[in-house]
Amino acid sequence: MSADRRTEIAVVGSGAGGSVVAYHLAAAGRAVTVIERGPFVRASEMTHDEPAMIARLYKDGGAQTNNEADMFVLQGNCVGGSTVLTNAVCFRMPEDVRQSFGAHGFALPPDRLAAAYRRVESVLNVSLLPEDLHNPATRRLENGFRAIGREPGRFQKAMLHCVGCGFCNIGCRYGRKMDAAQTWIPMAMAHGARIDAGIEVRRIEHSRGRVRGLRCREVATGKEFVLRAERYVLAGGAINTPELLLRSGIHPSRAGKRTSFNAGAVAFGEFPEEVDGFDGDQMCVHYIEPRFGLEQIQNPPVSMALTLPGWGTDHAERMANYRRLAALGVLVPTRPTGEVFLGVGHRLLKRFFDHSDIRFRMGADEVAAFRDGLATAAAAMLAGGATRVFLPLAGVPPVTRFADLDELPRFLRDQKDLVGFGSSHPQGGAAAGNDARRDVVDPEFRVHGFENLFVSDASLFPHSIRVNPMLSVMAVADCAAEVIGGISMPDAIADGPVANARRAAVAAQ
Amino acid sequence: MSLNTRVGLLLLALLVSSPVWLPLLPFVLFWLSRERRLGRAEGFRTLPRFLARSIEGYAEATLGTPPAGGFATVARNVDGYLVRVRSPRHWRTTMMLALLEFSPWTRLQPRLSRLPLAARRRWIAERLSTTRGLFAVPSLVRQLVRMGYYADPSVGRSCGFRPMRERVRGLPSRARTATYAALARRKVAG
Ligand SMILES: Cc1cc2nc3c(=O)[nH]c(=O)nc-3n(C[C@H](O)[C@H](O)[C@H](O)COP(=O)(O)OP(=O)(O)OC[C@H]3O[C@@H](n4cnc5c(N)ncnc54)[C@H](O)[C@@H]3O)c2cc1C
Ligand code: SF4
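As a starting point, this report considers the structure included with it.

So, how was this worked out
Residues numbered from 1 in each chain as written. Chains lettered and ligands numbered in written order. Predicted model: local features only at pLDDT ≥ 70, side-chain atom pairs only at ≥ 80, totals over all residues. Heavy atoms only, no water. Axes fitted to C-alpha atoms, helices over the stretch in contact; angles between N-to-C directions. Helix = DSSP H or I, 4+ residues; strand = E, 2+ residues; numbered from the N terminus. Left-handed = near helix turned anticlockwise from the far one by under 90°. Contact = heavy atoms within 4.5 Å. Nonpolar A, V, L, I, M, F, W, Y, C, P; charged D, E, K, R; others polar. Buried area = accessible area lost by both parts, 1.4 Å probe. Salt bridge = Lys/Arg side-chain N within 4 Å of Asp/Glu carboxyl O. Polar contact = N/O pair within 3.5 Å; in protein donor to acceptor, adjacent residues only side chain to side chain. Near = heavy atom within 4 Å. Buried < 20%, exposed > 50% of the residue type's maximum accessible area, 1.4 Å probe, protein only. Patch = residues over 30% accessible without salt bridge, like charges linked within 9 Å, V, L, I, M, F, W, Y side chains within 5 Å. Areas by Shrake-Rupley, 256 points an atom, 1.4 Å probe, with all protein chains shown as cover. Disulfide = S-S within 2.5 Å. Lys, Arg positive; Asp, Glu negative; His and termini not counted. Charge placed at Lys NZ, Arg CZ, Asp CG, Glu CD.

## Description of the packing of helix α1 (residues 3-16) of chain B against helix α6 (residues 90-102) of chain B
Any two packed helices are characterised by the angle at which their axes cross and by the distance between the axes. All names here are of chain B. Interhelical geometry of α1 versus α6 gives an angle of 65° and a closest axis separation of 13 Å. Remark: the crossing between α1 and α6 carries left-handed chirality. Counted together, L3, N4, V7 and L10 of α1 and W91, R92 and M95 of α6 form the full contact between these two elements. When the residues that make up the contact of α1 with α6 are grouped by side-chain class, the tally is 5 nonpolar, 1 polar and 1 charged.

This is how it looks when you write it as structure tokens:
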């Protein structure tokens, strides 16, 4: 083992939660080291080679599943974390969710949270996606929604001069997506933060309620060292932060419990004419209800093939009509009934099972919400002019008439009936709240019973926030940074590519 | 039944049947290392030859027109993906591919890549097209195969996909790489 390394504040993970904390603490003059398991992949190294980028940027090469292998759980594994893979969709946390977190003992005062959102939104340039970036399939879907009496919404996005290539989910090779690797991370580095990429934190060494160090391992060489700091911030994201707590024997009866998801699958409408959904931003239109959300998701060929339902030559025949396909993802916010755990294999055969497992099954009400979501998506596509709708269900023929949708209960009984079921929005597992016997983290972001261990990522959420979580993870991290560093937050942030672009625009006038 | 339970049961079954296969182990290991060597000779970095053939066979049976370089391209693209993935779950993918290849043995048929095309199609349609039961996991191989197939530019083009450089949006003046992260280039360790 190499000699110990030292820093003032150690942050585990460089995604939405970790990067924001790292920036604020570094900007306040603290010595910050961020440990990131994944590689640093520069925009200039990114390509439109889907398998290559999926392999490099996604945890387990995109193959992380629940323990029954009937649900994919997608997460980032690179500097910038999952933010590098997002569609840059930004939503604020719904007010009822904020209140419900408060009722759970995780109070986020409205003024404090609003100020945090404002700061984050200015750094990410959150604004309405311009119409010239819309892909041509969008209009069909909007018309369809209106025809069935649902008003479609447009997305707020975190982008700067996006060119609408439609490859957001494998990283932005043009550097136009304002993910953490383009914003907070280089901003933190400009204030002296150190980013150690390709290093995994394996275990937290602790005694008597105090963390003594992080046992780290270089992914490429297997070389180990201990990182010692005054304060430690876990920001590995849902699934990973609970796993690290479990590996370290911290709150083993609570860590990993209360994991929730926005779980989804994609329905496809085949139109009589070409809609060329690939030519523009992947996600331009949505419709959201409390029980489910519908979000357009057009994909380049590989990702389209991976999400398009159908077996054998049927699938190939559908893909041959790639240009005529429009797609709507159905997202259902689940209750926090999921669990991250270290299985028997991990204890007995660590060499093969050196990972946590995820247990999750949708409840009957969630399946019912899924059915309603699928029916609404299919109806909108038929009303928009689609001649066939392919539902993500095993064994269901294409839907060609509204009446076909009455058959849905027969085809969707539980999640095993779903094809391509998964989640890119895992949350919880280290839920924050004021009950030291139920929750893992206290309302001040400190792990219950520990004086110098904090959490700042999606694992804090006591239940799903219903909408896409990135912006809220960052806003909550902004709140966390204030507490962890004991710092006062600036009203506005003058760093970063967006601030630079604004200054350049003013100077050019 | 969870994936781990299945793997556990498989290991248990192997343990129980060990008197049968243990004497054959040296031959199996010899065969495996030969397949690996032959795979490498064909340019595969992770796939032994029999798994590459399995992927090609699956692709031929389920996909449309072959890519410009034939179905071997699919196996090559899958190999290119696998070689880049760093994951403690990696071995599961190899095992899933092996299960796919040997699944016809459960009905006393030749392994998948040795089945004639029509029988292979039938086997895949009847057994390996499911989200439930024993074959749900090997059925997931379809995702790897589709990834390897649609990653080929000739296939994307035949579906009507146009890469960025052929779109107005992709004109060099509009699509330059932004360089704010240039700073990171100098300072990030690892
Ligand atoms: C494909 C995809 C698309 C998405 N699209 C959107 C969208 O459009 N809008 C939206 O709001 N949300 C989106 N999300 C979700 C959003 O990205 C996440 O909710 C958010 O990034 C979670 O932030 P986090 O900090 O909790 O975790 P992450 O951003 O995932 O960051 C965690 C980081 O920690 C690292 N790490 C984990 N464990 C360790 C360890 N032990 N040692 C060292 N490093 C470790 C990981 O490698 C990772 O880089 C998307 C997610 C995916 C996968
Ligand atoms: S659509 Fe825009 S933000 Fe997304 S990858 Fe392409 S250029 Fe980048």
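From this point, the narrative continues.
## Some details on the interface of chain A and chain B
In this assembly, 78 residues from chain A lie in contact with 53 residues from chain B. A combined buried area of about 5,900 Å² lies between chain A and chain B, and 58% of that area is made up of carbon and sulfur atoms. Considering only the surface of chain A that becomes buried against chain B, D60, M189 and W311 of chain A emerge as the three largest contributors, covering 10% of it. Viewed at the interface, chain B and chain A are joined by 6 salt bridges. Note that R169 of chain B and D279 of chain A form a salt bridge whose closest N and O atoms lie 3.0 Å from each other. Summed over the shared surface of chain A and chain B, the result is 14 residue pairs in polar contact (both at pLDDT 80 or more). Those elements giving two or more residues to the side of chain A that touches chain B turn out to be α2 (50-57), α6 (184-190), β9 (194-197), α8 (301-307), α9 (312-320) and α14 (496-508) of chain A. The leading source of residues in the side of chain A that touches chain B is α9 of chain A, at 6 residues. Residues of the side of chain A that touches chain B, tallied by class, amount to 40 nonpolar, 19 polar and 19 charged.

## Focus: the site of ligand 2
Within the structure, ligand 2 sits among M159, C162, V163, G164, C165, G166, F167, C168, C172, Y174 and K177 of chain A. Here the shell around ligand 2 is built from residues that sort into 8 nonpolar, 2 polar and 1 charged.

## Concerning the pattern of salt bridges
Residues and elements named next belong to chain A. Scanning all chains against the criterion turns up 60 salt bridges over all chains. When the shortest N-O distance is used, the salt bridge between K416 and D70 registers 2.9 Å. Within this pair, whereas K416 is found in the loop between α12 (408-411) and β21 (422-428), its partner D70 is found in the loop between α2 and β4 (72-73), the two being separated by 346 residues in sequence. Pair check on accessibility: K416 and D70 agree, each one buried. Note that R140 is salt-bridged to E273, the shortest N-O span being 3.0 Å. Remark: E273 occurs in the loop between β14 (259-270) and β15 (285-288) and R140 occurs in helix α5 (residues 137-147); sequence separation between them is 133 residues. A relative accessible area of 33% places E273 in the partly exposed class. Beyond isolated ion pairs, a larger network of salt bridges with shared partners links R37, E200, R202, E243, R247 and D354.

## Concerning a nonpolar patch on the surface
Taken together, the side chains of V344, L348, L349 and F352 of chain A together with L10, L11, L14 and L99 of chain B define a hydrophobic patch exposed on the protein surface, amounting to about 690 Å² of accessible area. Secondary-structure elements contributing two or more residues to the nonpolar patch are α10 (344-348) of chain A together with α1 of chain B. With 3 residues, the single largest contributor to the nonpolar patch is α1 of chain B. Mapped onto the secondary structure, L10 of chain B falls in helix α1. Taking the relative accessible area as the measure of exposure, L10 of chain B reaches 35% and is therefore partly exposed.

## Details of the state of the cysteines
Residues and elements named next belong to chain A. The final tally for this structure, using the stated rule, is 0 disulfides over all chains. Free cysteine C90: the closest other cysteine sulfur is in C168, separated by 11 Å. On the basis of relative accessible area, C90 is assigned to the buried category, the value being 5%. No disulfide involves C216; its nearest neighbouring cysteine sulfur is the one of C78, lying 19 Å away.

## Remarks on a positive patch on the surface
All names here are of chain B. Where like charges cluster on the molecular surface, the positive patch consists of R34, R36, R37 and R40. You can see R36 is positioned in helix α3 (residues 25-41). According to the relative accessible area criterion, R36 is partly exposed, its value standing at 44%.

## A look at the site of ligand 1
All names here are of chain A. Around ligand 1 sit 38 residues in total, of which G17, E36, S82, A458 and M470 are the nearest. Here E36 contributes a side-chain N or O atom positioned 2.6 Å from an oxygen atom of ligand 1. The separation between an oxygen atom of ligand 1 and a polar main-chain atom of C78 is 3.1 Å. In isolation ligand 1 offers 1,000 Å² of accessible surface; the protein chains occlude 97% of this area. Sorting the residues of the shell around ligand 1 by element identifies α1 (16-27), β3 (32-36), β10 (199-207), β21 and α13 (470-485) as the ones contributing at least two each. When residues in the shell around ligand 1 are grouped by element, the largest group, 3 residues, is from β10.

Remember that the coordinates give geometry; whether it matters functionally is a separate question.
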